[in-house]
Amino acid sequence: MPELPEVETTRRGISPAILNKKINDVIIRRANLRYPIPKIIHEKLIAKSFSEITRRSKYLIFQSEHGSMILHLGMSGNLRIVPKLTAPQKHDHVDFIFDDCCLRYTDPRRFGAILWTEKNPEQHKLLISLGPEPLTAKFNGAHLFKIAQRHSLTVKNFIMDSKNVVGVGNIYASEALFLSKIHPHQAANKITLEQYNLLAKMIKTTLKKAIKAGGTTLKDFYQFDGKPGYFKNELQVYGRAGEKCYDCNGLIKKIITGQRATYFCEECQD
DNA sequence: ACAGTAACCTGTTTGC
DNA sequence: TGCAAACAGGTTACTG
């Protein structure tokens, strides 16, 4: 999926094209995403506008007059600005029609979600127990170290758990661990405070760089204007099994951690 | 309470 | 070439 940098790239990309513009229509071609899209969004949004798009974790929150639309891109979701009357393709499930353009939601695997709430969206069931945002001061090595003391699972799974810190998906978890020289299979409660300080720093650095590059396009992700994200060129270990480490020339290995592919350098990380 | 696993769904790649 | 299995960026719900 879109991990945090891809979601943030999308937010920045679509905002100027649609904010404060009248929504003429909401076309739902297929409502059965991860959760059914509530029918009510149609009447709640028609003739209204989005005043702001914010991001919490990998959720985009579209602020509107009568409430908030919460949108998650899931594994293969994608929001793009397309010209009005662009013919929909097979997986183009939802269109938001404006005077001069259309915001289109595409999602082949349909793991994404579009929800509606009239309360504070941060209090929504899906958002309420999320951990700190990685790019804020609240997230640091001391925070990770403290909660890690009661977790014996692998450090990779630990940083991918959204209760501990949000927005660190499979790609950036491998990348940040490589930059911190920590083996992904180390137990979370065996990592020192110094290591967590470095890891927190590397998570921030990696995510910021990826946002600058417009995210990582492996296959499905495209920015709002259809361009791919360019961070793939900067990946140090992800997807490089069998190739040489840029740092030490050692071999990059692929292992499975909690059913997910994990890449690391055997020489650099222990 | 926690760790591990299955499930949601479709498309593409890999291997026999 | 054909077909089936494996795999893919996320998250929740269930199991033990």
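The rules we used
Residues numbered from 1 in each chain as written. Chains lettered and ligands numbered in written order. Predicted model: local features only at pLDDT ≥ 70, side-chain atom pairs only at ≥ 80, totals over all residues. Heavy atoms only, no water. Axes fitted to C-alpha atoms, helices over the stretch in contact; angles between N-to-C directions. Helix = DSSP H or I, 4+ residues; strand = E, 2+ residues; numbered from the N terminus. Parallel < 35°, antiparallel > 145°, perpendicular 65-115°, else oblique. Left-handed = near helix turned anticlockwise from the far one by under 90°. Contact = heavy atoms within 4.5 Å. Nonpolar A, V, L, I, M, F, W, Y, C, P; charged D, E, K, R; others polar. Pairing = 2+ DSSP bridges. Domains from an automatic or database assignment. Buried area = accessible area lost by both parts, 1.4 Å probe. Salt bridge = Lys/Arg side-chain N within 4 Å of Asp/Glu carboxyl O.

Novice: Help me understand the packing of helix α5 (residues 170–180) against helix α6 (residues 193–212), please; the structure alone is not making it clear to me.
Specialist: Two quantities define a packed helix pair, namely the angle between the helix axes and the distance between the axes. Contact geometry for α5 and α6: axes closest at 8 Å, N-to-C directions at 130°. Considering their axes alone, α5 and α6 lie oblique with respect to each other. Here α5 runs over α6; the crossing is right-handed. Contact residues: α5 offers Tyr172, Glu175, Ala176, Leu177, Leu179 and Ser180, while α6 offers Leu198, Leu199, Met202, Ile203, Thr206, Leu207 and Ala210. Looking at the contact of α5 with α6 residue by residue, the class counts come to ten nonpolar, two polar and one charged.

Novice: Would you mind going over the sheet that holds strand β8 (residues 113–117) with me for this structure?
Specialist: Backbone-to-backbone hydrogen bonds join strands into a sheet, with any given pair of strands oriented parallel or antiparallel. The antiparallel open sheet is built from four strands, whose spatial order is β2-β3-β4-β8. What marks the edges here is a single partner per strand, and that holds for β2 (50–56) and β8. With strand direction ignored, the average angle separating the axes of adjacent strands in the sheet is 20°. For strand β3 (residues 59–64) and strand β4 (residues 67–72), the ladder comprises six bridges, and the chain directions are antiparallel. Its bridge partner lying in β4, serine 64 is registered against glycine 67. Contacting β2 and β3, helix α1 (residues 4–18) runs over the sheet at an angle of about 175° to β2.

Novice: Looking at this structure, I do not really get the pairing of strand β9 (residues 252–257). What am I missing?
Specialist: Here is the key point about a regular strand: its side chains alternate between the two faces of the sheet. Looking at chain direction, β9 and strand β10 (residues 260–265) are connected through six bridges and run antiparallel. Residue lysine 254 lies in a different strand from β10, and its bridge partner there is tyrosine 263. Taking the residues that link successive antiparallel strands as the turn, the β9-β10 hairpin has two residues, and the phi of glycine 258 there is positive, at about 55°.

Novice: Can you help me understand the sheet that holds strand β6 (residues 92–97) in this one?
Specialist: Strand order in the open sheet formed by four strands is β1-β6-β7-β5, and the pairing between neighbours is antiparallel. Strands at the two margins of the open sheet, each flanked by one partner only, are β1 (25–28) and β5 (78–82). Each strand axis lies, on average, 15° off the axis of its neighbour in the sheet, ignoring direction. In the sheet, β1 pairs with β6 via four bridges, with the strands oriented antiparallel. Paired with isoleucine 27 across the strands is aspartate 95, a residue of β6. Strand contacts of α1: β5 and β7 (102–106), with the helix running at about 30° to β5, the strand carrying the most contacts.

Novice: Looking at this model, I keep getting lost on the domain arrangement of chain A. Mind explaining?
Specialist: What the domain assignment reports for chain A is domain 1 (4–123) and domain 2 (141–265). A separation of 28 Å is found between the C-alpha centroids of domain 1 and domain 2. Contacts between the two partners involve 18 residues from domain 1, matched on the other side by 18 residues from domain 2. When residues of domain 1 are sorted by the area they lose upon contact with domain 2, Pro5, Glu6 and Thr9 head the list and together hold 34% of the total. Linking domain 1 with domain 2 are zero salt bridges. A per-element tally of the side of domain 1 that touches domain 2 places α1 first, with nine residues.

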